[in-house]
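Inside the fold
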Amino acid sequence: MTVHLRIWRQAGPDSPGRLAEYTVEDVNEHMSFLELLDVLNEKLITEGEEPIEFDNDCREGICGSCGLMVGGVAHGPQPRTAICQLHMRHFNDGDTIVVEPWRATAFPIIKDLVVDRSAFDRIMAAGGYVSVKTGGAPDANALPVTKEDADLAMDYASCIGCGACVAACPNSSASLFTASKIAHLAMLPQGTPERRRRVLNMVDQMEAEGFGDCSNHAECEAVCPKGISISAIALMRREYVRAVLSS
Amino acid sequence: MSQTGKKLLAVFRSSIGRKLLTGVTGLALVVFLLEHLYSNLLYFSTDPDAYNENAHFLISLDLVYVLELGLLTFFVVHIIVGVSIYLRKRKARPDGYAKYQSAGKPSRQSLSSRTMIVTGLVLLAFLVIHIISFKYGPGIEEGFVVTIDGEPVRDLKRLLEEKFQHPAYAFGYPFVMILLGFHLRHGIWSAFQSLGAMNPRLTPVVYTLGGVLAVLIAVGFLVLPLWIFFST
Ligand code: HEM
Ligand code: FES
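Residues numbered from 1 in each chain as written. Chains lettered and ligands numbered in written order. Predicted model: local features only at pLDDT ≥ 70, side-chain atom pairs only at ≥ 80, totals over all residues. Heavy atoms only, no water.

Attention now goes to the overall build of chain A. Counting its regular elements, chain A contains 8 helices and 7 strands. Summarising its shape, the C-alpha atoms of chain A cover approximately 60 × 35 × 35 Å along the three principal directions. Here chain A holds 247 residues, and the buried ones make up 55% of them. Intrachain contacts of chain A at a sequence separation of at least 6 include 69% that bridge at least 24 residues. In the form shown here, chain A has an accessible surface area of approximately 10,700 Å², with 50% of it arising from carbon and sulfur atoms. (Helix = DSSP H or I, 4+ residues; strand = E, 2+ residues; numbered from the N terminus. Buried < 20%, exposed > 50% of the residue type's maximum accessible area, 1.4 Å probe, protein only. Contact = heavy atoms within 4.5 Å. Areas by Shrake-Rupley, 256 points an atom, 1.4 Å probe, with all protein chains shown as cover.)

Further remarks concern the interface of chain A and chain B. Across the contact, 48 residues belong to chain A and 44 residues belong to chain B. Carbon and sulfur atoms supply 52% of the area that chain A and chain B bury against each other, a total of about 3,600 Å² over both sides. When the buried area of chain A at its contact with chain B is split by residue, Asp213, Asn216 and Arg237 of chain A rank highest and sum to 17% of it. Where chain A packs against chain B, one counts 4 salt bridges. (Buried area = accessible area lost by both parts, 1.4 Å probe. Salt bridge = Lys/Arg side-chain N within 4 Å of Asp/Glu carboxyl O.)

It is worth spelling out the site of ligand 1 at this point. As a structural note, the neighbourhood of ligand 1 is formed by 27 residues, with Ser215 of chain A together with Lys19, His78, His183 and Ser190 of chain B the closest of them. Of the chains in the model, those with residues near ligand 1 are chains A and B. Residue His183 of chain B places a side-chain N or O atom 2.8 Å away from a nitrogen atom belonging to ligand 1. Ser194 of chain B places a side-chain nitrogen or oxygen 2.6 Å from an oxygen atom of ligand 1. (Near = heavy atom within 4 Å. Polar contact = N/O pair within 3.5 Å; in protein donor to acceptor, adjacent residues only side chain to side chain.)

All names here are of chain A. Segmenting chain A into domains produces domain 1 (3-100) and domain 2 (117-245). Placing a centre on the C-alpha atoms of domain 1 and another on those of domain 2 gives a separation of 30 Å. In this assembly, 14 residues from domain 1 lie in contact with 12 residues from domain 2. Where domain 1 packs against domain 2, one counts 1 salt bridge. Here Arg117 makes a salt bridge to Asp55, at a shortest N to O gap of 3.2 Å. Viewed at the interface, domain 2 and domain 1 are joined by 4 residue pairs in polar contact (both at pLDDT 80 or more). Counted by class, the side of domain 1 that touches domain 2 contains 7 nonpolar, 5 polar and 2 charged residues. (Domains from an automatic or database assignment. Nonpolar A, V, L, I, M, F, W, Y, C, P; charged D, E, K, R; others polar.)

It is worth spelling out the pairing of strand S2 (residues 151-154) of chain B at this point. Residue and element names in this part refer to chain B. Direction of pairing for strand S1 (residues 145-148) relative to S2: antiparallel, over a ladder of 4 bridges. Its bridge partner lying in S2, Val146 is registered against Val153. Here S1 hands over to S2 after 2 residues, with Asp149 in that stretch at a positive phi of 50°. (Pairing = 2+ DSSP bridges.)

Let us look at the coordination of the iron atom of ligand 1. Residues and elements named next belong to chain B. Of the protein atoms, only His78 (NE2) and His183 (NE2) coordinate the iron atom of ligand 1, at distances of 2.0 Å. In this structure, the iron atom of ligand 1 is coordinated by 6 donor atoms arranged in octahedral fashion, with angles at the metal of 86 to 179°. Here His78 is found in helix H4 (residues 64-92), whereas its partner His183 is found in helix H8 (residues 167-194), with 105 residues between them in sequence. Accessibility classification places His78 together with His183 in one group, the buried group. (Donors = N, O, S within 2.8 Å, 3.2 Å for Na, K, Ca; no water. Tetrahedral: all angles 85-135°; square planar, octahedral: opposite > 155°, others 65-115°.)

We now examine a negative patch on the surface. Taken together, Asp47, Asp49, Glu53, Asp149 and Glu151 of chain B make up a surface patch of like negative charges. Counting through the fold element by element, Glu151 of chain B comes out in strand S2. (Patch = residues over 30% accessible without salt bridge, like charges linked within 9 Å, V, L, I, M, F, W, Y side chains within 5 Å. Lys, Arg positive; Asp, Glu negative; His and termini not counted. Charge placed at Lys NZ, Arg CZ, Asp CG, Glu CD.)

A few words on the environment of Leu121 of chain B. By secondary structure assignment, the location of Leu121 of chain B is in helix H6 (residues 116-135). Along the sequence, Leu121 of chain B and Phe164 of chain B sit 43 residues apart, while their C-alpha atoms lie 23 Å from each other.

Before going further, it helps to spend a moment on the packing of helix H2 (residues 15-41) of chain B against helix H9 (residues 202-231) of chain B. All names here are of chain B. Across the interface, H2 lies against H9 with an axial gap of 10 Å and an inter-helix angle of 35°. For H2 against H9, the interelement crossing comes out left-handed. From H2, Val30, Leu33, Leu34, His36, Leu37, Asn40 and Leu41 reach across to H9, where they touch Leu213, Leu216, Ile217, Gly220, Phe221 and Leu224. For the contact of H2 with H9, the residue count by class is 10 nonpolar, 3 polar and no charged. (Axes fitted to C-alpha atoms, helices over the stretch in contact; angles between N-to-C directions. Left-handed = near helix turned anticlockwise from the far one by under 90°.)

Written out as structure tokens, the structure is:
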């Protein structure tokens, strides 16, 4: 198949960017979208042009490195799929596909389709962890957790930090990312001792990074490659109220 | 500043605090609307004095100033927070996408959710006109008076009937009420989510009921001006 691509090209953080047009012929329908970009880049390199920069690592949907707006949707048209796992068979011969980087003040563009997501790291550093004293491993049954809570904690923990929630949110809010981390730890006994300062500090950091507020559009849930529910955000708000009231 | 004052300020300044405030004020305004709707619908009561009687009862309450001040505060906070959320959103992505679309379900993004600031600002302009026209409109001194139980009472019903003779009022009001319906279509469920009250089982139910209530409120308000215009 043949696809026409309109891809955001930007030489550096402060350079102006533009959509450049490319056509790729003989696209194999079993290629992933990133492999399509690989093929295009090989062509560009042989033609002496600068290849298109994009982030990726595992290419199996688990690391959270990849992320592109494809056809106006974060990670493309297939639900619950990171863009590295989206195959060309979901497109039609002759399609024109617009490819853009995540856009948010808090995610400045580094080059082409690559953005700086270190704001997420700083939110994590503000409280997305449990402080554990190392030493002998505790007895497996010393901390009982119900099956339901363990399952929910696992659902929230499946966030790979890709940033699609921010990219798709009309407000560029990082609420789903931050809430997933808070909700994951709030479900487990290990997370309980620090829950108060965790929610206060992470929410402060989210604000400081310049993400927008949440307007409950729930667009984040629809594009999350792990399908994390916005009930995480509701839970984060309950954690916040509890933290403010208990201080 | 007191400890509680500091805490309140911190809530106001936090992203989640702003949501709690839009949620609380939004729901409080919905409750006010329901009371207002009830008062309006008394116009259709078989007792011809019911409408004016109710209006007189409300403004004769001892606590009327407290209630009005409370309502004003809710409006002001709702507007300040709503506008600041909008401004922050603008700052958070100054350059938009060349192509953007909703991914569809389970997204709740809709025309209604995207236009909260527009419908909100229209409601604000409407409120100013509405309050000038009715609350500060002509009263007993200007001859809008009826006698109920031997007491002279402001004839709000007549004012209503005169105002809604004008097509600008008779059709302008229903138009704004449709926009109110849009504001509430996203607003009602959103307020519950803002307050942390939602979970995956409740969300679809509350979203649907919120839509139904939004339509009922909008229709409930818009029948009165149209009725008066077409029946007199
Ligand atoms: C009778 C009048 C009004 C009612 C019943 C009402 C109700 C609501 C409700 C229930 C919400 C959802 C709250 C939430 O998401 O937590 C909301 C949101 C909002 N309201 Fe109103 N509102 C009214 C008037 C106004 C006015 C006058 C403005 C003026 C700017 C306004 C601006 C907004 C905005 C911008 C939002 C969205 C906030 C966000 O993005 O999270 N509203 N409103
Ligand atoms: S490259 Fe790892 S999730 Fe896509």
